[in-house]
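Reading the structure
Residue-level listing of the chains:
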Amino acid sequence: MKRQADLIREFFALLAPGFIQDGELPDVKLEGVEERHDGHAIASVRAGDRILPVRFTFDEGKIARVEVL
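What this report covers is the structure whose coordinates are included nearby. Nothing here was measured: the structure is a model prediction, and the numbers come from that model. Throughout this description, residue numbers start from 1 for each chain and increase along the sequence as written. Totals for whole chains, interfaces and linings use every residue, but because this is a predicted model, local features are given only for residues with pLDDT of at least 70 and side-chain atom pairs only at 80 or more, for both listing and counting. Hydrogens and water are ignored here; the side-chain numbers use all heavy atoms of the structure.

1. Looking at the pairing of strand β4 (residues 62-68)
DSSP bridges decide pairing: two strands pair if at least two such bridges lie between them. Strands are runs of DSSP state E lasting at least 2 residues, helices are runs of H or I lasting at least 4, and numbering of each runs from the N terminus. As paired elements, strand β3 (residues 50-59) and β4 share six bridges and run antiparallel to each other. Across the sheet, residue aspartate 59 finds its bridge partner in β4, namely lysine 62. What sits between β3 and β4 in their antiparallel hairpin is a turn of two residues, with glutamate 60 showing a positive phi close to 55°.

2. Let's talk about the side chain of glutamine 4
Mapped onto the elements, glutamine 4 comes out in helix α1 (residues 4-15). We call two residues contacting when some pair of their heavy atoms lies within 4.5 Å. With near-sequence residues (within four places) excluded, glutamine 4 lies in contact with Glu35, Arg36, Gly39, His40, Ala41 and Phe58.

3. Notes on the nonpolar core
Counting residues in hydrophobic clusters, the biggest one holds nine residues: Leu7, Ile8, Phe12, Ala41, Ala43, Val45, Val54, Phe56 and Phe58. Of all the secondary-structure elements, those providing two or more residues to this core are α1, β2 (40-47) and β3. In this structure, isoleucine 8 is in contact with Leu30, Val33, Ala41, Ala43, Phe56, Phe58 and Ile63, ignoring residues within four places of it in sequence. For the purposes of this section, nonpolar cores are sets of buried Ala, Val, Leu, Ile, Met, Phe, Trp, Tyr and Cys residues that join through side-chain atoms within 4.5 Å. Each residue is placed in one exposure class: buried if its accessible area under a 1.4 Å probe, protein chains only, is under 20% of its type's maximum, exposed if it is over 50%, and partly exposed if it falls in between.

Nothing here speaks to function; it is geometry throughout.
As structure tokens, then:
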């Protein structure tokens, strides 16, 4: 089974070209991933000049929900 961090990296590789913040398309860079043991992971994403915390909820080893905190 893939690690949560690997699945999150794949998610952002697909999402990055269409990531829009305030009507602009900023450069998106995954700064880091904190894997938790409660079915969640938190990713720090640099979008332009801001760092956004993004929470991923996993179910059966797959991404089930994504929330920008």
